[in-house]
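# Breakdown of the fold
Now for the letters of each chain:
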Amino acid sequence: MEIDDDLLANSDAGTEDDDEFVELAPEQTSAMDGMDPEEFPYDVLALEQVVTLMVDIIKEVRNVVEIPATTTRILLNHFKWDKEKLIETYYESDPDRIFADAHLISPSRKVAIACSKREIKPRYSVKENGEYVCEICYASVPEQLMSGLECGHRFCISCWTHYLTTKIMDEGMGQTISCAAHNCDILVDDETVMKLLSDSHVKLKYQHLITNSFVECNRLLRWCPTPDCGHVIKGQYVSDKPVTCRCGHTFCFACGQNWHDPVKCSILRKWIKKCDDDSETSNWIAANTKECPKCRSIIEKDGGCNHMVCKKCRFDFCWVCLGPWEPHGSSWYNCNRYDEDEAKRARSAQEKSRAALQRYLFYCNRYMNHMQSLKLENKLYASVRDKMEEMQKHNMSWIEVQFLKKAVDVLCQCRQTLMHTYVFAFYLRKNNQSIIFETNQRDLEQATEQLSEYLEREITQEVLRDIKQKVQDKSRYCESRRNVLLKHVHEGYENELWEYLDNI
Amino acid sequence: MAGGLPRRIIKETQRLMAEPVPGIKAVPDEGNARYFHVIVEGPAESPFEGGTFKLELFLPEEYPMSAPKVRFMTKIYHPNIDKLGRICLDILKDKWSPALQIRTVLLSIQALLSAPNPDDPLENDVAEQWKVNEAQAIATAKQWTKMYATRG
C-alpha cells in the first residue's frame, strides 16, 4: 500500500517543517468523514508508475493469450483495459472476430481481413526498374526503404514518418492511427510507430497520448484534475469516494469534481450544468419581462404608466392584464379584463417562472457564498500561520498552537460540505426528513460562521487562553455537527428517504 | 523538396494532363501550381446531368498529409453542399489518406453528385426536402442546374 507510506511521509514533513505552506492545506484523508467504516483503497501513481502499470497489464494478458505486446495493447484499449473481459471474450468467441473489431490483423493468420473488401488490389507499390514507387511521394525507392503493416500496404519510410508525425502532432492522435492507405483501418502498433519516428519530441508526445488514452479508458484510473499535476489515482473499484492526490487536492473518484459529500455525483452534474447554461437567463427574462400580446416582442417595463405602446408594432395594451388598451377608458383604467382566462394564464406562467428563479437564486447564492468563503479561507491559512508564530514567541509550545491550523481545516471542511448541502437541498422534495436535514444544515451553518469569526479576531496575549478554549470548543462542535448532518443524509440514501423534485 | 514544388504534385499534375478523367477537367492556375481550376460535368441520370460545375481545388502546404481544399464555385442544390459551396465528404475530412490523389477526390465528388446523402446533411433545408419530398427536391436540383450550371 503505497498511499499509506506517502501520507505518513507527508505528516512527518509537517511536523519537521511547518514553514512550508502546502503542508498547511487541509489534511483530508480518505477516511476524513470518520463515518465510513471501510476505507476506500486507492493508490496515487506518478507518470512513470502509470507506464509501468500499463506494461504490467499487457504482460499479464500476454501470458494468457500469447499474442505480441503491441497487439495486446490495442486489444486492451478496445476492451477499455478490462483484462478479465478481454480474456473471457477471447476464449469464448472467435478471436479473429475480436481482432477485426479492434482493427487488427490476427497474428495467427497474418492475412488482410479488415482491409476493405473491394478495391486495393495487391498493387500497393508499383515496381519500376527494380525499385518501388511510393504512392504518397511518387519517389522510387529500394525495397529496404519501404515499410508497412500486416495489411500489406507499403509506403516509403520518410512518408510514413511524415504521416505519423502529422497524425501525432497536428491531430493529437495516438491510439487510433490507421494505415496510411485509403479505406484501410488497420491500426499502427507502438513498435512500428517508435521504429519509424526519429524526432524525440514526437516520440514523447506519442507516449503521452498513449498513456492518456490508457488512463482515460480505464475505469479504475483517474487523472488528478489539478492543472499540470500529472498524478493518477488508481482505485480498486469505482465508487463515489474522496481521494487525495499527492498534490493535496481532494476530489471524488467517481466524477472527478471537488469532493462533494453529501450530494451525489449525478445531482451535482445536473446542478453544474444548470449553473453553466442559460436556463436561468431565460428564467430572468420570463420573470421580469412581458411579451407584446400582438407581436411577441419582449418588453421590460422601466416607467410607471401601465398604458404600453409597443415600440415595434405600435400596439396599445395594458401592462397589468395584457389586454388591448382601448376598453380601459379614458380615466383611470378599469381592468375588468383582469380575470379573463388568457391573461390569467399568462400571469400564472410568469409567476411560476418568477418563483422558480427566486428559488434557484436562493440556493445558488448560498452555494456561491460558501464557495467564495472557502477560497478566502486559503488566505486565512496564511494569517493563522503568522498568528501561530506570534504565539510561539509568547511562551507557547509548538504543539499548543496547532489547534489554530486544525480549526481552519475544520472550517474548510464545513464550508465544502455546506456548499454542497445547498445543491442537495435544491433538488430535494419537502418531507419530514428534509426538515430535519434543514435543521442540521442551519446548525452547522451557524456554528461554522461563529468559528470563522473567532478565527478572524485579533489574538492578543490577554485573550489567548480564552480564545483557545473557544476555538477548540467551536471547532469540535462544528466537526460533530458536520458528521451528524452527513450521517443523516447517508442514512437517508440507504433507507431511500429522499425524494427529488424531478421537473427542475 | 526544399522550396520548390514537391515531386508528388508535379507528377500528379502531369498525369492529370496526360490522362484526364472523363467528365472532369483540372487545370493548375498559371500563377500558383497548388491552385486548380476544376470543371466537373453533372453525372448522367442524376439531377445534375447536363450541367457543368466549376470548382476550386487547393493543395495546402502539408499536402498530401492533409487533404486538398475543394469548393464548388457554381451554385448547386445538393444536401451535402452548402451555400458557400463547401462539401461534406468524409475523404476530405477524417477519412483522408495520403494515398488518395486529386483524381480520386474529384471522382468521389462526382460520385457524390450521383448519390446525395441526406442522412449526413450539410445544408439542412435541402436535406429535409430530399427526405420529405424527393421528387420535388430533384426537380429543384434540375432547375438550379439549368439556371446556374448551363452555359449559353
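Residues numbered from 1 in each chain as written. Chains lettered and ligands numbered in written order. Predicted model: local features only at pLDDT ≥ 70, side-chain atom pairs only at ≥ 80, totals over all residues. Heavy atoms only, no water.

Attention shifts here to the overall build of chain A. Secondary structure assignment for chain A yields 14 helices and 14 strands. Sorting the 504 residues of chain A into buried and exposed places 45% on the buried side. Considering only residue pairs separated by 6 or more positions, chain A has 57% of its internal contacts joining residues 24 or more positions apart. Carbon and sulfur atoms make up 49% of the accessible area of chain A, which totals about 27,300 Å². (Helix = DSSP H or I, 4+ residues; strand = E, 2+ residues; numbered from the N terminus. Buried < 20%, exposed > 50% of the residue type's maximum accessible area, 1.4 Å probe, protein only. Contact = heavy atoms within 4.5 Å. Areas by Shrake-Rupley, 256 points an atom, 1.4 Å probe, with all protein chains shown as cover.)

What follows concerns the nonpolar core. All names here are of chain A. Formed by 59 residues in total, the largest nonpolar core has its most connected members in F155, W160, L164, I168 and F214. At the level of secondary structure, the elements contributing two or more residues to this core comprise α2 (47-65), α3 (69-78), α4 (83-92), α5 (95-101), β6 (154-156), α6 (157-170), α7 (190-196) and α8 (200-217). For L164, the contacting residues outside a window of four places in its chain are I177, V188, V193, L196 and L197. Counting residues in hydrophobic clusters, the runner-up holds 49 residues, among them L374, V408, L485 and V489. (Core = buried A, V, L, I, M, F, W, Y, C linked by side-chain atoms within 4.5 Å.)

What follows deals with the sheet that holds strand β3 (residues 52-58) of chain B. All names here are of chain B. Taken together, the four strands give an open sheet; going across it, the order is β1-β2-β3-β4, and neighbouring strands pair in antiparallel fashion. Taken across any chain shown, the strands that pair with only one partner, and hence form the sheet edges, are β1 (24-28) and β4 (69-72). Each neighbouring strand pair of the sheet contributes to a mean axis angle of 20 degrees, computed without reference to strand direction. Where β3 meets β4, four bridges bridge the pair, whose relative direction is antiparallel. Counted as the bridge partner of L57 is V70 from β4. (Pairing = 2+ DSSP bridges. Axes fitted to C-alpha atoms, helices over the stretch in contact; angles between N-to-C directions.)

Further remarks concern helix α12 (residues 398-426) of chain A. Compared with an ideal rise of 1.5 Å per residue, which puts 29 residues at 42 Å, α12(A) spans 44 Å between its outermost C-alpha atoms and is within 8% of the ideal. In terms of residue burial, α12(A) counts as a mostly covered element, since 25 of its 29 residues are buried. (Expected span 1.5 Å × (residues − 1).)

Here the focus is the packing of aromatic side chains. All names here are of chain A. Tallied over the entire structure, the rule returns 27 aromatic pairs over all chains. Measuring from ring centre to ring centre gives 5.9 Å for W160 and Y163, while their planes differ by 75 degrees; the resulting arrangement is edge-to-face. Here the residue W160 and the residue Y163 both occupy positions in helix α6, the gap between them amounting to three residues, near one helical turn. For the pair shown, W160 and Y163 are each scored as buried. Ring geometry for Y363 and F426: centres 5.7 Å apart, planes at 70 degrees, overall edge-to-face. Taken together, the residues span a long stretch of sequence, with Y363 in helix α11 (residues 341-393) and F426 in helix α12 at a distance of 63 residues. Like F426, Y363 is buried. Connected via pairs of aromatic rings, a cluster forms that spans W271, Y360, F362, Y363, Y367, Y422, F426 and Y427. The aromatic ring of Y493 is capped on one face by K264, whose charged end is 4.0 Å from the ring centroid. (Phe/Tyr/Trp six-rings, centres within 6.5 Å; stacked < 30°, edge-to-face > 60°. Lys NZ or Arg CZ within 6 Å of the ring centre and 35° of its normal.)

Of the residues lining the interface, 13 residues belong to chain A; the matching set on chain B comes to 14 residues. When chain A packs against chain B, close to 1,300 Å² is buried across both sides, 61% of that on carbon and sulfur atoms. When residues of chain A are sorted by the area they lose upon contact with chain B, I136(A), Y138(A) and H182(A) head the list and together hold 51% of the total. Across the contact surface, chain A and chain B share zero salt bridges. One can count six residue pairs in polar contact (both at pLDDT 80 or more) joining chain A with chain B. Broken down by element, the residue count for the side of chain A that touches chain B peaks at four residues, all from α6(A). When grouped by side-chain class, the residues that make up the side of chain A that touches chain B number nine nonpolar, three polar and one charged. (Buried area = accessible area lost by both parts, 1.4 Å probe. Salt bridge = Lys/Arg side-chain N within 4 Å of Asp/Glu carboxyl O. Polar contact = N/O pair within 3.5 Å; in protein donor to acceptor, adjacent residues only side chain to side chain. Nonpolar A, V, L, I, M, F, W, Y, C, P; charged D, E, K, R; others polar.)

With that settled, consider the sheet that holds strand β8 (residues 232-235) of chain A. Residues and elements named next belong to chain A. Ordered in space as β1-β8-β7, the three strands form an open sheet in which the pairing is antiparallel. The two strands at the open ends of the sheet, each matched to only one other strand, are β1 (42-45) and β7 (221-223). Recorded for the sheet is a direction-independent mean angle of 25 degrees between the axes of neighbouring strands. Pairing between β1 and β8: four bridges, direction antiparallel. Considered in β8, the bridge of V44 is made with I233. Across the sheet, α2 is in contact with β1, β7 and β8; its angle to β1 comes to roughly 115 degrees. Contacting β7 and β8, α8 runs over the sheet at an angle of about 120 degrees to β7.

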